[in-house]
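What follows is the residue order along each chain.
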Amino acid sequence: MDLSKMAVSINKAINTQEVVVKEKHARTCILGTHHEKGAHTFWAAVNRLPLSSNAVLCWKFCHVFHKLLRDGHPNVIKDSMRNKADLSDMSRMWGHLSEGYGKLCSIYLKLLITKMEFHVKNPRFPGNLQMSNRQLDEAGENDVNNFFQLTVEMFDYLECELNLFLGVFSSLDMSRSVSVTAAGQCRLAPLIQVILDSSHLYDYTVKLLFKLHSCLPADTLQGHRDRFQEQFKKLKSLFYRSSNLQYFKRLIQIPQLPENPPNFLRASALSEHISPVVVIPAESSSPETEHMVDLVTEDLVDTDIPVQPAAVVEPRFDDLFGTSAATDPFNFNSQNGMRKDDKDRLIEQLTRDIQALREELESFRLESGRLCQALRGRVNELEAELAEQSHLRMQALGESEFLRAELDDLRRVKEDTAKEQRSLTEIERKAVANEQRYTKLKEKYTELVQSHADLLRKNAEVIRQMTVARAAQDEVDSVRREMQEKVKAAAERREQEQVEQLQQLQRELISSRVELDSLKSTMASSQQSSEELSSQLSTVESDKVELAESLSKKEEELAGLGEELERVQSSLASERESGVKTAEALQNQLNEKESREQALESQLVAARWSTLQGAVEEAERIVQDSLAQLDDPAHISCTSSADYLASRCQASLDCMDRLHSARDSYLADNTGVSELVRAVTHLAHLVGDTIVQGSATSHMVPVEQADALSDSVKACGAEALALLGQMKAQESLATADIATLRAALDGILATAEKLRPQGLELQQGELGDLVEQEMAATSAAVESAAARIEDMLNKSRAVDTGIKMEVNERILASCTDLMQAIKVLVLSSKDLQRDIVESGRGAASMKDFYVKNSRWTEGLISASKAVGWGATVMVDAADLVVQGKGKYEELMVCSHEIAASTAQLVAASKVKADKDNANLGRLKLASKGVTQATAGVVASTKSGKSQIQEKDTMDFSSMSLTQIKRQEMDSQVSVLELETKLQKERERLGELRKKHYELAGVAEGWGEEDEGTG
């Protein structure tokens, strides 16, 4: 074969047209590799193509290259390995694209690189992967390690094939008949090569896994089985999808994989395995195929005898025997004149030719016999496979009835699933449309919801520390007023934005009307110019008459004036036509402006309703989120007080009156939608807060009361969702009943009133003295703790060295900072309490003020005790850690406990303070300092723990398989024991919290209240 012809075929096969590569060009390239026994010509032609600039060109190159790797000369793989680096760079370059041919080219190039590497590592495998069972056994060299590694490489190879399969299908719109279009066929054509490779890889993988399971334990091959299961599902699905495409039905017969993957744990299952056979129908003869057959005969059959045409042979016969011999075969006169030497030479030449032809015929006969023998062997193999398949078919007949019944059931289920899928798709499409419609509304509410959520988190953090403080009611009221003001301000900002949008629409309408007026004035000016041209025309006509009468002798000038007149008339006509067209265009623009104005009015009405719908849906999500938090395990640790729950219920009831009035206003005039939106959103936040706080309160009460409160909270959430569901439709908005939700809130409010604690039974004269004593004791405890920490730091410097001294200094320094911050906090709290007492007692004494505000006083006493106790415990824990006898976790827990106690003291101190009080600002700054110092203690403790404790290196290199298995079982036992211990400790923590709540209730007189109500 001429190599130039191969280069031409390469350029014709690899082009920028999005069509399938012609088979005759690909076949010419394959034959060319066999002719030159390599791929040098192919790569010389390909390196001149701009593969990195055109994705379609690169895709068709991959297709042709894949064919050469499968059916070309074996040296193609060796010659192509020189270009592996260029192919890898090109794959990375196309991988930056996320869609189209670029992404597909990147995947295809990775597959081709993997194929080349596989065949280089395993030279026994031919490019088309066709091997017998004996050859497959020889490839592993009877070594289980080789079979193990070969299986892994086949998994990687098949993974790349599946990735290309999925990439092509995901890039096509399978809802249309893409397989009949040229662009779709261009993408689908390379999958024929993928199907051929995948069927062999699947077959060999199954056989190798059965062989490995016969030699190795099942646990060792668990990873192989999992990977095979995943690839089996993908390959089965892709084969099924491909077999339904019209393009593949006429080109290839795709096998179907079994319903379930093989059971490798059962050795007899190998006999049930049927190797998938891909059948390519024989192509009908055509001029192209005949031409290729001629090329094969010309290139692959090398004969030594030149072929001469008949026109050349006949003159040679005439030259030897004379022309008369051709016309008169019985005329020997002329033949007798020929010399004997010429005849002998001719006979010898013919004898040699005949001998050469006989040798060539014999070689052809031997070759044909060898081919026939190979074909007979192949026929015998196919007959054996056919017999095996027939046997399996006979075995499957017994199960056909059962499978047919299951198939009918599956078809019915599939039809039902398809119907449900279609309805689900329609619902999802509508949901997507609604989601896009409400996106802008959600963005406007994001800031409001975020600020509200921040306020809720702050309130929850404060309330958790005020379990026994009745004075927290005033703080809750102040926080509620702040929150309402912020919500109101945010709602006003949103309403202002809507008003600005409406004004913008009105301005656009006014500008449109101004533009319309300008167009009308333009039309009037055009009509005026037309009238002026008409008057000019009459003037020109009169001038023409006068010139005709006065200058009859100057005919040439008169002809020129006539031509000028004709030009003026034509321009006038064109001006009139343009004026008419301008008038029509202006009229059309006027009609469009009017229709646009009507559309804007309708859009404004729809926007108001969509705004309300978005607010209602957002309110539903808020309530649903609150109900979802009840089942969250992390919510079990959240607690709240009955006082705060009662305040939330009362706020929700007040908001319901506002919602009722806003709904009536909207039904009367739909322009007042902003007030209804604010009311719905505010009610949703309050109800959600009531649900969360009700659940948190139930964690702190006895079991019977907790169950009743939880049921009331869930019922309240259900009623709120029902009310919001009625408000989503215009028909049921007017009839939405809020009485059931009000009743549910009243029930929760009544339960909260019953759970409110009573005050401590202290003598009135003792409260004032007790506050002063506790604050003084707290200051003394903090001072003592700071002194002990300083003493411990000095001892550590004298005894410890190296990393331990560094860790101890860092931990004790952070503890010292924390004590200093607590000291500042206690002093600021004293100053603030002094200001509160001075501003609120009037003419009464300080003790009388404490007695009058007994609940607030009790909160101060409890907070002061907690701070002093926390400081003492933390110093003890730090002392043990420095000595090496304590736990770092205990020090971190003590730090968190001190932070909680100081937060309780801050809340109790500022609950009655004025917002503008300077000492209140200093108290808040001191509280932030305590929080930062606590974080410093935790951070230094964690850092020191990581430096002190030794870490296992986990070196398992010297352990055997049995030892590793034993260690694994020990680790699993330890994990189970620790999990059991953790569960028991969590239950114990819950019981301790319940007991703490009961003891606190007895101390504040809750038991007497229960007896009174009983």
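For clarity, every value in this text was computed on a predicted model and none was experimentally measured.

Asker: Where do I start with the packing of helix α24 (residues 703-727) against helix α26 (residues 739-755) in this structure?
Answerer: Between α24 and α26, whose axes approach to 9 Å, the crossing angle comes to 155°. One way to sum up the angle between α24 and α26 is to call them roughly antiparallel. By crossing handedness, the relation of α24 to α26 is classed as left-handed. Contact residues: α24 offers Q705, L709, S712, V713, C716, E719, A720 and L723, while α26 offers T740, L741, A744, L745, I748, T751 and L755. Class assignment for the residues of the contact of α24 with α26 results in ten nonpolar, four polar and one charged.

Asker: I tried to follow the pattern of salt bridges on my own but got confused; where do I start?
Answerer: A side chain with one charge may pair with a side chain of the opposite charge, provided their charged atoms come close. Scanning all chains against the criterion turns up 24 salt bridges. For the salt bridge of R370 with E367, the shortest nitrogen-to-oxygen distance reads 2.3 Å. Of this pair, R370 and E367 both sit in helix α18 (residues 340-437), three residues apart, roughly one helical turn. Where R621 meets E618, a salt bridge forms, and the shortest distance between an N and an O atom there is 3.1 Å.

Asker: Please clarify how the nonpolar core should be interpreted in this entry.
Answerer: Side chains that are nonpolar tend, in soluble globular proteins, to be buried together. Ranked by internal contacts, the top residues of the largest apolar core, which has 91 residues, are I14, F42, F61 and F125. Top contributing element to this core by residue count: helix α11 (residues 191-213), with 13 residues. For F125, the residues in contact, after removing those within four places along its chain, are F118, H119, M131, L136, A139, L150, M154 and Y204. In this structure, A651, V687, L709 and L723 belong to the second largest nonpolar core, which totals 49 residues.

Asker: Sorry if this is basic, but what is going on with a positive patch on the surface here?
Answerer: Positive charge collects at one region of the surface, where K458, K486, K924 and K928 lie side by side. For K924, the location among the structural elements is in helix α32 (residues 918-948). Residue classification places K924 among the partly exposed positions, given a relative accessible area of 40%.

Asker: What's the story with the environment of D625 in this structure? I'm lost.
Answerer: The residue D625 is located in helix α21 (residues 555-630) in this model. Spatially, the C-alpha atom of D625 lies 7.9 Å from that of G688, the residues being 63 residues apart in sequence.

Asker: It is not clear to me how the side chain of H25 should be interpreted in this structure. Could you clarify?
Answerer: Among the structural elements, H25 can be located in helix α2 (residues 23-36). Setting aside chain neighbours within four positions, we find H25 in contact with S9, K12 and A13.

Asker: Just checking my understanding: could you explain the state of the cysteines for this structure?
Answerer: As used here, a disulfide is simply a covalent bond connecting the sulfur atoms of two cysteines. In the structure shown here, the tally under the stated rule is zero disulfides. C716 carries a free sulfur, and the closest cysteine sulfur to it, the one in C649, is 7.3 Å from it.

Asker: How should I be thinking about the side chain of T33 in this particular structure?
Answerer: Checked against the element boundaries, T33 lands in helix α2. Aside from chain neighbours lying at most four places away, what touches T33 is M6, G38, L68, G72, H73 and V76.

Asker: I tried to follow the packing of helix α9 (residues 144-171) against α11 on my own but got confused; where do I start?
Answerer: Two measures define how a pair of helices packs: the angle their axes make with one another and the distance between the axes. Between α9 and α11, the shortest axis-to-axis distance is 9 Å and the interhelical angle comes to 150°. In terms of orientation, α9 lies roughly antiparallel with respect to α11. Two packed elements cross with a definite hand, and for α9 against α11 that hand is left-handed. Considered class by class, the residues forming the contact of α9 with α11 number 20 nonpolar, three polar and three charged.

About the criteria used
- Residues numbered from 1 in each chain as written.
- Predicted model: local features only at pLDDT ≥ 70, side-chain atom pairs only at ≥ 80, totals over all residues.
- Heavy atoms only, no water.
- Axes fitted to C-alpha atoms, helices over the stretch in contact; angles between N-to-C directions.
- Helix = DSSP H or I, 4+ residues; strand = E, 2+ residues; numbered from the N terminus.
- Parallel < 35°, antiparallel > 145°, perpendicular 65-115°, else oblique.
- Left-handed = near helix turned anticlockwise from the far one by under 90°.
- Contact = heavy atoms within 4.5 Å.
- Nonpolar A, V, L, I, M, F, W, Y, C, P; charged D, E, K, R; others polar.
- Salt bridge = Lys/Arg side-chain N within 4 Å of Asp/Glu carboxyl O.
- Core = buried A, V, L, I, M, F, W, Y, C linked by side-chain atoms within 4.5 Å.
- Buried < 20%, exposed > 50% of the residue type's maximum accessible area, 1.4 Å probe, protein only.
- Patch = residues over 30% accessible without salt bridge, like charges linked within 9 Å, V, L, I, M, F, W, Y side chains within 5 Å.
- Areas by Shrake-Rupley, 256 points an atom, 1.4 Å probe, with all protein chains shown as cover.
- Lys, Arg positive; Asp, Glu negative; His and termini not counted.
- Charge placed at Lys NZ, Arg CZ, Asp CG, Glu CD.
- Disulfide = S-S within 2.5 Å.

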